[in-house]
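What follows is each chain in one-letter form.
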Amino acid sequence: MSGGHDRDGLHGLPRVQCGGLLHHLRLRAADGTSGAVQQGLLEGQKEMTLFADTAGERLDAFLARQPGNLSRSAAQRLIEEGMVTRNGVPGKKNDRLNVGDRVEYTIPEAKPVDIVPTEMPLDIVYEDDDLLVINKPKGLVVHPAAGHADDTLVNGLLYALGDDLSGINGELRPGIVHRIDKDTSGLLAVAKNDYAHTMLASQLKDHTMARTYEAIVCGVMKEDCGTVDAPIGRHPTDRKKMCVTQRGGRNAVTHWEVVRRYKGYTHIRCKLETGRTHQIRVHMAYIGHPILGDTVYGRKKPELGQSSQCLHAGALCFQHPRDGHPVMVFAELPQYFRDVLDKLEKMK
């Protein structure tokens, strides 16, 4: 076997102040103008005024790229509901902007959340007045969906925190800044107020929030490190799956490096530059090294006792939304992951 066996301390996670694959974390200087706009919205004001800086851009696309947490579809809903004006006139989602166009829009008040609070153990690894970081176990769904009405992370957060959660991400996802799959374990940021939520979401959008994952993939990777730069979109025939596709795919970039090679498998560390649905799972399968246990994108039968992906979000680095100081949070590899590594050690 080759490659350094990095299982000391945090079982493969570097204590290097966001070095290695975490070096992409950049500390940004605050922009006076945009900062004032964000602060106004986030301290209770729901009116936003912006000026177009690019000619020919669609109105919905312009709104979606602003700091905050508006997706393209959310921006389109605001436009359709008459909440957006362009130079004082109700806008249309496909309006093409001119430089200097005045765009005003209103963020609706958060709706009361009709979700049942549920008592459950939460592994909180970081918490302050603005946010907390949860170490989510494998098998826990993040927010309510079909078949999961009262057993999700959101149900547990509502029980533990009550009204101390942001409301700008919709009534079914209070506080949730980003998601990880049900069967992926690891770190997840949760915002306690709209100010923190918007600032963290803007770091996700401009890639200054560094997220590092550990995975075990099938096959022995020949190179020590690499980058997968391949667009990801909805699968053309199976709408529950994603795939690498040029047709309608969105830019997706995953950096990876080998932690250790084993007989028939490789322990790797991945750093996300973008955050598409199932990104690491899709990208690893695309290059011929699907994640161990991933029966959706990889081998169809369980291996080494794993019937779901062996994937763990082990490090999260970001600027604190209040004063910009760097926050670096780490989560040790969970027991299921360590058990697999022990099995692989015995297969030498």
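Scroll up to find the structure this text is about.
Caption draft 1: The sheet that holds strand 1 (residues 47-51), seen in detail. Spatial strand order, 1-4-2-3: four strands in an open sheet with antiparallel pairing. Here the strands that pair on one side only, and so sit at the sheet edges, are strand 1 and strand 3 (89-90). Judged from the five bridges that link them, strand 1 and strand 4 (residues 102-106) form a sheet pairing that is antiparallel. Within strand 4, the position partnered with L50 by the bridge is V103.

Caption draft 2: Layout of the pattern of salt bridges. Going through the model one piece at a time under the given rule, you end up with 14 salt bridges. With a closest N to O distance of 3.5 Å, R260 and E345 form a salt bridge. On the criterion of sequence distance, the pair formed by R260 in strand 12 (residues 253-262) and E345 in helix 7 (residues 335-346) is long-range, its members being 85 residues apart. The buried category is assigned to R260, whose relative accessible area is 10%. E303 serves as the salt-bridge partner of R299, at 2.9 Å between the closest nitrogen and oxygen. One continuous salt-bridge network, built from bridges that share partners, spans D53, E57 and R65.

Caption draft 3: Layout of the pairing of strand 14 (residues 311-319). The buried fraction of strand 14 is high, at nine of nine residues. With two bridges joining them, strand 7 (residues 185-191) and strand 14 adopt parallel strand pairing. Looking across to strand 14, one finds that G186 is bridged to A313. Relative to strand 14, strand 8 (residues 210-218) is paired through six bridges, and the arrangement is antiparallel. Its bridge partner being in strand 14, Y213 is matched across the sheet by A313. Hairpin connection from strand 14 to strand 15 (residues 326-330): six residues lie between these consecutive antiparallel strands, with G324 at a positive phi of about 80°.

Caption draft 4: How the structure looks around the environment of V99. One can find V99 in the loop between strand 3 and strand 4. The exposed category is assigned to V99, whose relative accessible area is 55%. Remark: the alpha-carbon pair of V99 and F51, spanning 48 residues in sequence, is separated by 7.5 Å. Beyond its immediate chain neighbours, meaning those up to four positions away, V99 contacts A52, D53, T54 and A55.

Analysis parameters
Sequence positions are assigned chain by chain, starting from 1 and proceeding in written order. The predicted origin of the model limits local features to residues at a pLDDT of at least 70 and limits the giving and counting of side-chain atom pairs to 80 or more, whereas totals for whole chains, interfaces and linings rest on all residues. Neither water nor hydrogens contribute to the side-chain values; these are computed over all heavy atoms in the structure. Here, any two strands with at least 2 DSSP bridges between them count as paired. Note on conventions: DSSP H or I runs of at least 4 residues are helices, E runs of at least 2 residues are strands, and numbering of each starts at the N terminus. Salt bridge, as used here, is a side-chain nitrogen of Lys or Arg placed within 4 Å of a carboxyl oxygen of Asp or Glu. Between buried and exposed lies partly exposed: a residue is buried under 20% and exposed over 50% of the maximum accessible area for its type, with that area taken using a 1.4 Å probe on protein chains only. Contacts are residue-level and defined by heavy atoms, with any inter-residue pair within 4.5 Å sufficient.

On their own, these measurements won't tell you what the molecule is for.
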